[in-house]
Each structure stands twice: as C-alpha cells, then as structure tokens.
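The residues making up each chain are set out below.
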Protein chains: 2
Amino acid sequence: MRDTDGLRAGPASQQGMRRSNLALVLGVIARAPRSRAEVAAETGLTRAAVSSLAEELIAAGLLVEEGPAAPSGKVGRPGTALGLNPEGPGGLGAEIGVEHLGACVVDLRGEVRSWRRQEIRNRDRRPAAVMADLAELLRRATAEARLRPAGLALAVPGLVGDGGGVLQRAANLGWRDVSLAAELRLALRATGAEALAELPVEADNEANLGGLAELWLGGGPDHFLHVSAEAGVGGAIVVGGRLLRGARGYAGELGHVPVHPDGPACACGARGCLEQYAGEAAVLRAAGLEGIRGDWVAMLAERAEAGDEEVRAALAGAGEALGTAAAGAVNLLDPAEVVLGGGYAQLAPWLLPAMRAELAARVTVRPWSGERLRVSRLGRRGPLLGAAVGVVRAIVADPGRLEG
Amino acid sequence: MRDTDGLRAGPASQQGMRRSNLALVLGVIARAPRSRAEVAAETGLTRAAVSSLAEELIAAGLLVEEGPAAPSGKVGRPGTALGLNPEGPGGLGAEIGVEHLGACVVDLRGEVRSWRRQEIRNRDRRPAAVMADLAELLRRATAEARLRPAGLALAVPGLVGDGGGVLQRAANLGWRDVSLAAELRLALRATGAEALAELPVEADNEANLGGLAELWLGGGPDHFLHVSAEAGVGGAIVVGGRLLRGARGYAGELGHVPVHPDGPACACGARGCLEQYAGEAAVLRAAGLEGIRGDWVAMLAERAEAGDEEVRAALAGAGEALGTAAAGAVNLLDPAEVVLGGGYAQLAPWLLPAMRAELAARVTVRPWSGERLRVSRLGRRGPLLGAAVGVVRAIVADPGRLEG
C-alpha cells in the first residue's frame, strides 16, 4: 500500500509543460551525452520537440555539440552528441569552518575548476572579519576558474533558518542571528567583487551539505544516514534521494541522541548525548589530549597510525557510541547504508570495528550486513563540494529559472 | 537551499493530463463540496473542462450533485454543489491483532459505515483458521454497510514485504512467510463472499496504518512521529504528509531503539531496547502482573485509575523510556509533533508526565514545547481506520485507476 497525494498545485499548462520538458531533456543529457535521436527515444518526446528544446538550451549556454555520437548499430549517420557545456554557468561554493575557510568553483558537469582552503581560527571572530577573508578567497577562486557562477552557496557550522539567509546559531563560532547573505554581499563589494555580490546566495548547515555531496557524488544508494565529524557530530538523513530536513529544518541532530541517558552532562543541557562520547572535545579528553589546538582529526589519525594506545582506545570508545546511536537511527529509518563522512572518514580505521559490532548486535529484527556501514571517499571535502554542486544541480533540474 | 530532482518519468501527454486533471477536480471537491464554477476558479481549469471532467466522475459514481451551492455573493444563480458520492465505491479494512480481529467499511467520504471487532486469541493459531474467522467478519461488515468496496486493505502485527502481499514475520502471532492476500481470498471464497475475493488486496504493518490514520484523520500537522502500543512498541514516521518506509520497508522500529545500552536482554538479541521498558510484557512485569491474560491496556488503565501505585510506577517508568527514545527521534527527525497512539493513548495520563519531562530535558538545542507531545484521539481504532480509509483515498488521488 502506498500513501498518495490527491492534490497538485494547479492544472497542467503549455508553459509549464515546456519548462518541464526543458528540464527533462537537460536531465537526460546530464547523465551522459546523447544525440537528439537518443534523447527523443529516451524521453518519448518527438524529434522535432527535442531539437527545438535543445536549441533553446544551447542558446542559454547550457548545452554544447560534442561531435559525433557513438555509433548506435543502426543504419544511417550517427547524430551529433549533446553534452553539458563545461564553459556554461558554474556553481560557487563557500565554507566557514571553525578552523578554516573554503571556496570552490565547479562547472556545469560538476567538475572542480578551482579549490581553495585556508586554515584560520574563526572561533569568536566577528562575522564581518570572517566574511572579509572569505570574500577574498571567493574572488580568487572565481578568477582562477574562469567561469561565470550562476549562484553562491555557503556551508556553515550552525543552524540556518528556513529562508536560507540567516544563521540562527553557531555555538562553535560564538555566532547568533547573523544575516549571512547580507554580510557576505557587503564583504564581496568591499573586495571589489561586484559580480559575485549580485549572485543569489543560499546558506545551509555543513552536515546537510556533506550529506547532499555524498548523495550526488558518493556513488552509493539514495537512502542513507551520513555521520560526520565537524565542529560537533553532524548527521544528515537522505530518503529516496532527498535530504530529510524536518518540520522546521532541524533534522539530523545525531550528536544529541542519548547514548547513555545517565551519562556525562552535555553543553546542550541534557546528559549522555552522543557528542559526549564522539565529539571533538570528548575524544581528545578520552585520549588525554584535552585542550590541544589545531587540526584534531589529522593529529588523532597520525597518533593512532603510530600505535598510540590511548588514542586508539579513545577512538574505539567513540566508535562504540557512534554505533549505538547509529543502531537506533537504523531501527527508526531503515537506511540502505550508514556512511561515515567528514573528519570521521579519516579516523575510520579505528572507529569502524566497534561501530560495526554495535550495529550487528543492535540491528537484529531486520537483516543488517556489515558492508552497509561505509566510509565516504569525500571526507572533509563534502560540505564545500555539496555547496558548489548544489548550485549547478539546481540549474540542471530547472533550466527555466535562469530565464527569470 | 533545496535539493531537487532533475528527472521525471516521461514527457507530459494529453492522456496523462486528463487523468491528472480528473484527480485535481476530485481532490478539490474531496476537501469540501463546491460548484463547478468554484472548482474552475480554484484549479485554474476552464469551466468547460471542469464540466466535462465532472460528468466523467459522476458517471463513474464518484461524485453527486448535492443541491444548490452556498450563495457566493456574486450576481447570478448559484451553481449546484458537487460532492463525493457517499454511495460510491467504499474501502474495506481488515485487521488481524494478537488478541482480536477487526473489519470496517468506510464510504468515499471516509465515514465509517460498519465497524466490527471480535476479541479472539490469535497467537499461535494457524493462518488459515484466523483467515476463516476474518473472512466471516468481513462478509458481515460489508453486508451491513450496503456499499460496494473498491479494495481491501489488511493491517497485521508484523512485517509485510514491499509487494504488500506477503507477511514476512509476525513474532507475536508465531507466523512467518504467510501469503496474506492468497490466504484471505481462499477464506473469502470458502465463506461465499465471491465478490470480496475479487477485490485488490493490500496488506501493511499495523503501526504504519495507525500512523497514516493519524495523518488523514488526526487533525494534526503532516510531520510527526506516531508511537503506539500494539503487540510490541510501534512507530511510524510521517514526513511532509508521507509515511517514511525506509530503504526496504522496515522503518519505524522505535521498539528496538536502545534506551539503556547495557539494559535487560531483549528478544531481538540486543540489550536495553525500548520494548524492554515500554512493551506489554515489560510493563506488566514492572507492575507485578506478569503473565496475566486479556486486554492488558484496559486492565492497566483501570488499575491506574483506581490508584494502584505499582501500576502507576510501572507506567511512569515506561513513560520515561518512551521519552528518552522519542527525544532521540526528535533530535534526528525534527517532527512537528510526537503523537501517542494505539494502546498508549488510553494509558496517556500515566505515561505523559515522565515522557514530557524527558523530552524537555533532552531536546534543548532546538526549542521544544510540551504541547508538541499529543495524544491521538483515534487510539486503538487507528490501524483499522487507516486500512479502510487508505482504499478510498487511493481512489480520490487517482480516479483513473478505477477505469483500468
């Protein structure tokens, strides 16, 4: 039995049909270059309709002729293959981390054309100062990519309101109620990047963007729980190819799922949250490295690699807690996979054994096999990739929006 | 930022447009009776198109003329209001519980036209014997309703495969790999209900159907976690008006979310699952009533009402565990509400205080207010109502399917 929606927004219209057929054609070609005839066969549109739609997409700079299509085995001259235009509109991604800034440009095909990361301690800096540094990084990344971005998306370690422009709270930055889009535009203008300041700006939580990057680039199924270490413990739930955002955009707070209800007090006010076992501060404390600064993930990986038993035990403890929380989430959500991403990907060799054991012990009503816990190959690049790729995917999903 | 789908199944077609416009018109009228002019205004379709679509829906027995529409304040004669036909095709619901059977018929408007419940201990009975009793109940309920059902949906206390026809496992019945549709059709034929045996049959887990009933009839938001006591602890997650089923249809297993990872051993093989604190056996044990037979929910409610301190303490303990597990789910899913349904609805006065306290203590990163934990008014009627109403909702969502 399937639940169903009875209502749509309105009747089908000619204009709506053309707009959705533009997206249909572009979407088919986005999966792999194809001749007009192949597009017609795959979509069910007439060849005349495909030709007309393709002309419009070429004129908009979204498609290019790529030369002869692969021989189809059929009689006749093979058509010219159409592909996404690598010099068409691109996506500009930006990231504000607690200890770094990032900027990246991808082309319409999702290929990275420039990538910049700057280590800098942003904790407790004023938003305007951070934005000034970020604007400069974005200006450079865009100049290097030689591509006109169609939009800018920003990953932040905090909670972004439904509108996408206001950061409600980022505890690890010490920020609250920051108008991200407005602040970033001011900084871009101040650095002389007028064109970038005119772009549509959207912002999202880094864990959400990391989860979306995994969906789009990770090569796995479209139904998974993504667990990442950023400033805190990040979670993203992808269901049927869509990010589950929750009623008010707060979904994915795996870090505050109770692991031991009577455990240590958490900064959130509760006790025994996952963050108290697998968050940065908790793991460093367990490893006897409390208060150490710098790149904690790289440092722990290096020490564990070198055989440091205290660090290995601390990571095993974190893995056990991650496994307990993940088991609860798997029982609730039945994802096809649990994906270990962000900083955890780099620490996976020492987290995985305990995590696997917990999942195996606690997901028993339904079959669960160990290989369904997987390590992301994107790791800490996820949020920035997700930001930039999201911009170009939105164009491919609805090329009509560019005409607006 | 919103994630987007780039692809649709195929191009928009004339036939597809008519079918979806039939659904559009029927869906608008399903919300409240309306004149043809009002339907045209609301849908954006022309009045001629609405008239033609309405004629088709009247001919199919789905719509009726209800007499003059309410005066619109505009000049001219008010049109005739169209409404769903209460004598049109209905929905037949069936339920197999561990201690009862149920049958129910609803009309196209979702009104209950007959309701039958039979207390009977089904645990460890053979499926064929249970189906024989159920078929007889269905035959009587349908005769009483004097309505021709368009489909039959069956609620079961176990796991139903994706196809909807095979029960994979129902631990509390002692059943495994039962072809529900085939068995039920055989039993219906044996009881002389040939017409019912010809109906399309779908089956689903009782917790899923209870959650859908809450969505359709509960009057709350379309984003919630539904927690119910049936044979075990049932969970259903509704996101944006859709039941979250998981990658393989196993989502919602709240009963096996770990509450105290080192707690008592659970029948599932893990330790400290919610079911070990809030399931039937656990609550009866905590109340000193282990092994008592009959309607445990009614019995506990009666004793708690009478002031039995042991029962009240057992229910408070269950409420605390329910609150801990629900808090984890809220942090993960950000539902608009947590709804206490099924047998828990009847026990709510003694469960709620501890549950509210746990939620308040553990959902702190985001604002959570006590009234977002709500008691379902459907209670134990949910799964059977969900089964029957689902049948008629599927007709309203796509009336074209009846033409097949």
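As the structure is a computational prediction, the values presented were derived from the model and not from experiment.

### Here we look at the overall build of chain A
If you tally the helices and strands in chain A, you get 13 helices and 16 strands. With the C-alpha coordinates aligned to their principal axes, the bounding extent of chain A is approximately 70 × 55 × 45 Å. By the burial criterion, 57% of the 404 residues in chain A qualify as buried. Within chain A, contacts between residues separated by at least 24 positions form 61% of all contacts whose residues are at least 6 apart in sequence. When the accessible surface of chain A is split by element, carbon and sulfur atoms take 50% of a total near 15,800 Å². Across chain A, the mean location of the 44 positive side-chain charges is 4 Å away from that of the 47 negative side-chain charges.

### Considering the interface of chain A and chain B
Each partner contributes to the interface: chain A provides 79 residues, whereas chain B provides 79 residues. Both faces combined, the contact of chain A with chain B buries some 7,000 Å², and carbon together with sulfur accounts for 56% of it. Here chain A and chain B share 2 salt bridges between them. Between Asp-334 of chain A and Arg-248 of chain B there is a salt bridge, with the nearest N and O atoms lying 3.2 Å from each other.

### Some thoughts on unusual backbone geometry
Residue and element names in this part refer to chain A. We note that Asp-334 has phi near 45 degrees; this positive angle belongs to a residue other than glycine. Tracing the sequence through the fold places Asp-334 in the loop between α11 (309–333) and β15 (337–342). Here Asp-334 falls in the buried class, since its relative accessible area comes to 2%.

### Some points on the domain arrangement of chain A
Size of an interface, as often reported, equals the accessible area lost when the parts are brought together. Residue and element names in this part refer to chain A. Looking at chain A, the domain boundaries give domain 1 (14–84), domain 2 (90–208 + 383–403) and domain 3 (219–377). Relative to domain 3, the C-alpha centre of domain 2 lies at a distance of 26 Å. Contact residues are listed per partner, giving 11 residues for domain 2 and 14 residues for domain 3. When domain 2 packs against domain 3, the two sides together hide about 1,100 Å² of surface, and 43% of this comes from carbon and sulfur. Joining domain 2 to domain 3, the criterion identifies 1 salt bridge. We note a salt bridge from Asp-204 to Arg-245, for which the minimum N-O separation is 2.9 Å. Summed over the shared surface of domain 2 and domain 3, the result is 2 residue pairs in polar contact (both at pLDDT 80 or more). It is helix α7 (residues 206–217) that provides the largest number of residues to the side of domain 2 that touches domain 3, a total of 3 residues. Within the side of domain 2 that touches domain 3, the residues separate by chemical class into 4 nonpolar, 3 polar and 4 charged.

### Section: the sheet that holds strand β11 (residues 201–205) of chain A
Backbone hydrogen bonds hold the strands of a sheet together, and the pairing may be parallel or antiparallel. Residues and elements named next belong to chain A. The 5 strands are arranged β6-β5-β4-β7-β11 in an open sheet whose pairing can be described as mixed. At either margin of the open sheet sits one strand with a lone partner, and together these are β6 (112–119) and β11. Direction aside, the axes of adjacent strands within the sheet are offset by 15 degrees on average. Pairing of strand β4 (residues 90–96) with strand β5 (residues 100–106), which is carried by 6 bridges, proceeds in the antiparallel orientation. Bridge pairing in β5 links Glu-95 to Gly-102. Packing against the sheet, α7 makes contact with β4, β7 (149–156) and β11, and its axis sits at approximately 95 degrees to β11. This element, helix α13 (residues 382–397), spans β4, β5, β6 and β7 of the sheet and lies at about 150 degrees to β4.

What counts and how
Residues numbered from 1 in each chain as written. Chains lettered and ligands numbered in written order. Predicted model: local features only at pLDDT ≥ 70, side-chain atom pairs only at ≥ 80, totals over all residues. Heavy atoms only, no water. Helix = DSSP H or I, 4+ residues; strand = E, 2+ residues; numbered from the N terminus. Buried < 20%, exposed > 50% of the residue type's maximum accessible area, 1.4 Å probe, protein only. Contact = heavy atoms within 4.5 Å. Areas by Shrake-Rupley, 256 points an atom, 1.4 Å probe, with all protein chains shown as cover. Lys, Arg positive; Asp, Glu negative; His and termini not counted. Charge placed at Lys NZ, Arg CZ, Asp CG, Glu CD. Buried area = accessible area lost by both parts, 1.4 Å probe. Salt bridge = Lys/Arg side-chain N within 4 Å of Asp/Glu carboxyl O. Domains from an automatic or database assignment. Polar contact = N/O pair within 3.5 Å; in protein donor to acceptor, adjacent residues only side chain to side chain. Nonpolar A, V, L, I, M, F, W, Y, C, P; charged D, E, K, R; others polar. Pairing = 2+ DSSP bridges. Axes fitted to C-alpha atoms, helices over the stretch in contact; angles between N-to-C directions.

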